[in-house]
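# Per-entry structural report
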Amino acid sequence: NSSDLSPSFILASIPGLEAAQAWMAIPLCSAYILALAGNCAVLLVVRMEPRLHAPMYFFLCMLAAIDLALATATVPRILSFYWFDSREIGFGACLLQMFLIHTLSAIESTVLLAMAVDRYVAICHPLRHAAILTNAATAKIGLLAMARGVLFFLPLPLLLLPLPFCGSRVLSHSFCLHQDVMNLACANTTPSVVYGLTAILLVMGLDAVLICLSYILILKAVLRLAAWRERLKVFSTCIAHICAVLAFYVPLIGLSVVHRFGRDLAPLVHIIMGNVYILVPAVLNPIIYGVRTKQIHRRIL
């Protein structure tokens, strides 16, 4: 029961299924391999195909790199737990993993917003698209997304660093999240709660609102077109991005709801939602863009 300023935490296991964890890790490992192969293929195709050296595909490369980093920051550690029963994670390693997860998620949210703006400019102001979204502007947006993620989410581990931890140190997931670690502190966590909520609302929340606003403007522009066939052709260029936005925000919202209202839910729900949040965007994004983008599809084949 004694407090410890530098504790270690215990990653969550599924009660009653500890003996089957090695088998349960197989689909997780398969999804990770699929995410690695798909995102690396996207990066390679865009690099090798000069016709794809355009802002939309550079944003797609940023998305692929973020998904690779996010999956690699979590899944190998989860697999080592499932296969080698390495349940304990040190305080510093936990804070680092937590920082990477939240920062990379914020960067991905910003890139999705930039892709929505790209679609808006391409559809609503096609003659100005090349002048507004140049390669230099795309690189600056990427750097801005990185800086925004780091600046907003660096304080999260710093606010947890001085807190004492006592009693239970078992996490709700197989990796470290801010809300999860914060709930184990035996001290006043109000500053951490307020800042965490503010950061999420100012980054993911604001991005989601602006993405919706972009698509409202896109829909208005599409509905001005006379022919239904032309409307569908123009709007079909947004389908891949809409699917990528849903693949990111739906698991994010689901995980937030589970943390906020699901304390009485079975541990299996928390673990599944956490793994979905980490892996679904990384697995689905290459498939979505590989199917919907003819240049990438043909080059991969």
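Bear in mind that the values here come from a model prediction, so they are computed numbers and not experimental data.

## Here we look at the overall build of the protein chain
A tally of regular secondary structure across the protein chain gives twelve helices and two strands. In sequence order, the protein chain lays out its α and β elements as β-α-α-β-α-α-α-α-α-α-α-α-α-α. What you see for the protein chain is a C-alpha radius of gyration of 21 Å, in line with the 19 Å of a compact globule of 301 residues. Taking the principal axes of the C-alpha coordinates as reference, the protein chain spans close to 70 × 40 × 35 Å. A burial count over the protein chain gives 47% of its 301 residues as buried. Partitioning the intrachain contacts of the protein chain with sequence separation of at least 6 by distance along the chain shows that 80% fall at a separation of at least 24. Roughly 14900 Å² of accessible area belongs to the protein chain as shown, and the carbon and sulfur atoms make up 71% of that amount. Looking at charge distribution, the protein chain has the averaged site of its 20 positive side-chain charges lying 17 Å from that of its 12 negative ones.

## Quick notes on the UniProt feature "transmembrane region" (unreviewed entry) in the protein chain
UniProt's entry tags residues 20-45, 57-83, 89-117, 129-154, 193-218, 239-262 and 268-291 with the feature "transmembrane region" (unreviewed entry), counted in the numbering of this structure. Overall, residues 268-291 shows 100% helix and 0% strand. The separation of its end C-alpha atoms is 32 Å.

## Topic: the state of the cysteines
Following the criterion strictly, the structure yields two disulfides and no others. The partner cysteine of Cys94 in its disulfide is Cys176, sulfur to sulfur 2.0 Å. Because the sign of the S-S torsion sets the handedness, a value of about -120 degrees for the bond joining Cys94 and Cys176 places this disulfide among the left-handed ones. Taken together, the residues span a long stretch of sequence, with Cys94 in helix 3 (residues 91-124) and Cys176 in the loop between helix 6 (155-160) and helix 7 (178-182) at a distance of 82 residues. When sorted by exposure, Cys94 lands in the same class as Cys176, which is buried.

## Description of the pattern of salt bridges
Under the definition given, this model contains four salt bridges. Residue Arg51 pairs with Glu49 through a salt bridge whose shortest N-O separation is 3.1 Å. With relative accessibility at 66%, the residue Arg51 sits in the exposed group. The residue Asp118 makes a salt bridge to Arg119 at a minimum N-O spacing of 3.1 Å. Taking relative accessible area as the criterion, Asp118 reaches 1% and is therefore assigned buried.

## With respect to the packing of helix 3 against helix 8 (residues 190-223)
As a packed pair, helix 3 and helix 8 sit with axes 9 Å apart at the nearest point and diverge in direction by 15 degrees. As the angle between them shows, helix 3 and helix 8 are arranged roughly parallel. Of the two elements, helix 3 crosses helix 8, and the hand of that crossing is left-handed. Residue-level inspection shows His102, Ser105, Ala106, Ser109, Thr110, Leu112, Leu113, Ala116, Arg119, Tyr120, Ile123 and Cys124 of helix 3 in contact with helix 8, the latter providing Val203, Met204, Asp207, Leu210, Ile211, Ser214, Tyr215, Leu217, Ile218, Ala221 and Val222. Across the contact of helix 3 with helix 8, the residue classes tally to 16 nonpolar, five polar and two charged.

## Section: the side chain of Thr74
The topology assignment puts Thr74 in helix 2 (residues 55-84). From its side chain, Thr74 meets the backbone oxygen of Leu70 in a polar contact 3.1 Å long. Those residues within four positions of Thr74 in sequence are excluded, and the remaining contacts are Gln97, Ile101, Phe175 and Ile278.

## With respect to the environment of Ala199
Inspection of the secondary structure puts Ala199 in helix 8. Residue classification places Ala199 among the buried residues on the basis of a relative accessible area of 1%. Counting along the chain gives 93 residues from Ala199 to Ala106, while the straight-line C-alpha distance between them is 9.4 Å. Filtering out sequence-adjacent residues up to four positions away, Ala199 remains in contact with Phe152 and Phe153.

## A look at the packing of aromatic side chains
Applying the stated criterion across every chain, the model contains five aromatic pairs. Here the aromatic rings of Phe9 and Phe91 are separated by 6.0 Å at their centres, their planes lie at 40 degrees, and the arrangement is tilted. Separated by 82 residues along the polypeptide, Phe9 in strand 1 (residues 8-10) and Phe91 in helix 3 bring together distant segments of the chain. Overall, Phe9 belongs to the buried group, its relative accessible area being 0%.

## Overview of the packing of helix 2 against helix 11 (residues 267-292)
Where helix 2 meets helix 11, the axes come as close as 10 Å, and the angle between the chain directions of the two elements is 140 degrees. Seen from above, helix 2 lies across helix 11 with left-handed handedness. Of the residues in helix 11, those touching helix 2 at Leu60, Leu63, Asp67, Leu70, Ala71, Thr74, Val75, Ile78 and Tyr82 are Ile271, Asn275, Ile278, Leu279, Pro281, Ala282, Asn285 and Tyr289. When its residues are assigned to classes, the contact of helix 2 with helix 11 shows 13 nonpolar, three polar and one charged.

Cut-offs applied
Residues numbered from 1 in each chain as written. Predicted model: local features only at pLDDT ≥ 70, side-chain atom pairs only at ≥ 80, totals over all residues. Heavy atoms only, no water. Helix = DSSP H or I, 4+ residues; strand = E, 2+ residues; numbered from the N terminus. Rg over C-alpha atoms; globule rule 2.2 N^0.38 Å. Buried < 20%, exposed > 50% of the residue type's maximum accessible area, 1.4 Å probe, protein only. Contact = heavy atoms within 4.5 Å. Areas by Shrake-Rupley, 256 points an atom, 1.4 Å probe, with all protein chains shown as cover. Lys, Arg positive; Asp, Glu negative; His and termini not counted. Charge placed at Lys NZ, Arg CZ, Asp CG, Glu CD. UniProt positions renumbered as here; feature names shortened; annotations may be inferred. Disulfide = S-S within 2.5 Å. Salt bridge = Lys/Arg side-chain N within 4 Å of Asp/Glu carboxyl O. Axes fitted to C-alpha atoms, helices over the stretch in contact; angles between N-to-C directions. Parallel < 35°, antiparallel > 145°, perpendicular 65-115°, else oblique. Left-handed = near helix turned anticlockwise from the far one by under 90°. Nonpolar A, V, L, I, M, F, W, Y, C, P; charged D, E, K, R; others polar. Polar contact = N/O pair within 3.5 Å; in protein donor to acceptor, adjacent residues only side chain to side chain. Phe/Tyr/Trp six-rings, centres within 6.5 Å; stacked < 30°, edge-to-face > 60°.

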